[in-house]
Amino acid sequence: MNDHRFVYLDHAATTPLDHGVLEAMTPYLTSEYGNPSATYGMAKRAGDAVQRSRKAVAAMLGARPTEVVFTSGGTESINTAIKGVAFQQKLAHAGNHIVTSTIEHHAVLHACQYLERFGFDVAYVAVDEFGMIDPDEVARAINERTTLVSIMTANNEVGTIQPVFEIAAAVRSRARALGKRIPFHTDAVQAPNSLAMTFAEHDVDLLSLSSHKFRGPKGMGLLYVRRGVPFLAQQNGGGQERQRRAGTENVAGIVGTAEALRLTQHSLESDRARIAALALRLCEGIEQRIPRVRLNGHPEQRLVNNVSYSFDDADAQELLRGLDDAGVACSAGAACGATTIEPSHVLLAMGISLEQAAATLRFSLGHDTTAGDIDFVLDVLPAIVEGSRAQRFVASK
């Protein structure tokens, strides 16, 4: 066991809370603990903090403050968007058909499968070998009963960035031809560290984010809902969030989320360039030092921090254990599925074999990753891969 060095390369799963974000949150965790729904001074200050944060987030999205809904995380944002639109559209007799893709996060896929129990039909658009979705294929999947399209901005496992604005425009065009409104939702949870977040300036109607993916607190998310989009609240109680999401506001979490998004977007260009150079260093090192490897995802249209490799004739779980013992944290596919032994649905949808899917690691870099971290991984990884391959060779005899 390595007692000295720890290298964290699982930022796609979660990111460390930024110190500046914690500083911004601290007053609302200690002295400024008022409930924003009350009317006395402390409560009003809490309410003002919420509204300042809402305005700041809206400006970064290119949206109106009234279009920003604070939630408990990406999963709630996604479920609220998909179910909220689907049920409202069905109540309005607009249809019962949803279009999504085969590589979405389980929050999207399981929400759609849940809706199938209520009479909805779901079309799952296929991807190519790079995990890329064709906007024309999305448009062709839409019919006169379609009420919602949900396509992710960037894949959490292999990093492929979708032509999401082109897809949104294709959806808008197809809806216009059918003479109806079909809202477009995107799961942009992985996007803030790689892309400018001015999505509301395009044809995106709903967008989901998760704070802990961009150095904010866990248990906080964002949902952008364009004004006029059909929407039925999925959490009822008080009148918070303009009747769209009941419950006392998490003031500290909201303040932290706005500050984390501000920090991430403010330093986007410099951080993106630095992290991209480190990711290239990792890719080149892996391919130079380890034979029989494959980079997963699109070679160019990808998140700058995502490095997904399949190691032929190795076992991902053995690789993870070896790396953990060496002091390196990464993942085999998505952390959300780490307790299951099923292969990645994303990799299989891309046409990758079951054997290769079971031999895949995802390294995801972050703001605190250094060149020394990358070099350390490249020093220990070849022997770990060789050891796993040797074990499998012996076991197969």
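Residues numbered from 1 in each chain as written. Predicted model: local features only at pLDDT ≥ 70, side-chain atom pairs only at ≥ 80, totals over all residues. Heavy atoms only, no water.

Within the protein, the secondary structure is distributed over 12 helices and 12 strands. Its C-alpha atoms give the protein a radius of gyration of 22 Å, near enough to 21 Å, the size a compact globule of 397 residues would have. For the C-alpha atoms alone, the extent of the protein along its principal axes is close to 65 × 55 × 35 Å. Across the 397 residues of the protein, 57% fall into the buried class. Across the protein, every contact between residues at least 6 apart in sequence was considered, and the portion connecting residues at least 24 apart equals 76%. Accessible surface computed for the protein: about 16,800 Å², of which carbon and sulfur atoms make up 52%. Considering the protein, the positive charge centre built from 38 side chains and the negative charge centre built from 44 side chains are found 8 Å apart. (Helix = DSSP H or I, 4+ residues; strand = E, 2+ residues; numbered from the N terminus. Rg over C-alpha atoms; globule rule 2.2 N^0.38 Å. Buried < 20%, exposed > 50% of the residue type's maximum accessible area, 1.4 Å probe, protein only. Contact = heavy atoms within 4.5 Å. Areas by Shrake-Rupley, 256 points an atom, 1.4 Å probe, with all protein chains shown as cover. Lys, Arg positive; Asp, Glu negative; His and termini not counted. Charge placed at Lys NZ, Arg CZ, Asp CG, Glu CD.)

In a beta sheet, neighbouring strands pair by backbone hydrogen bonds and run either parallel or antiparallel. A sheet is described by the order of its strands in space; here 7 strands give the open sequence β2-β8-β7-β6-β5-β3-β4, paired in mixed fashion. The strands lining the two open edges of the sheet, one partner per strand, are β2 (68-71) and β4 (121-125). Shown here is a sheet whose adjacent strand axes are inclined to one another by a mean of 20°, direction ignored. Each of β2, β7 (206-210) and β8 (221-225) touches helix α2 (residues 41-61); the most contacted strand, β2, lies at about 115° to it. (Pairing = 2+ DSSP bridges. Axes fitted to C-alpha atoms, helices over the stretch in contact; angles between N-to-C directions.)

Moving on, we get to the sheet that holds strand β12 (residues 360-364). Spatial strand order, β9-β10-β12: 3 strands in an open sheet with antiparallel pairing. Of all the strands in the sheet, the pair left with one neighbour each is β9 (293-295) and β12. Geometrically, the sheet is characterised by an average inter-axis angle of 25° between neighbouring strands, direction not taken into account. Two elements, strand β10 (residues 306-311) and β12, share 5 bridges in a ladder whose sense is antiparallel.

Another point: the packing of aromatic side chains. A full pass over the atoms with the stated rule returns 6 aromatic pairs. Ring centres of Y114 and F118 lie 5.0 Å apart, and the angle between their planes is 45°; this geometry places the pair in the tilted category. Residue Y114 is classed as partly exposed on the basis of its relative accessible area, which comes to 29%. Exposure remark for F118: the relative accessible area of 37% places this residue in the partly exposed category. (Phe/Tyr/Trp six-rings, centres within 6.5 Å; stacked < 30°, edge-to-face > 60°.)

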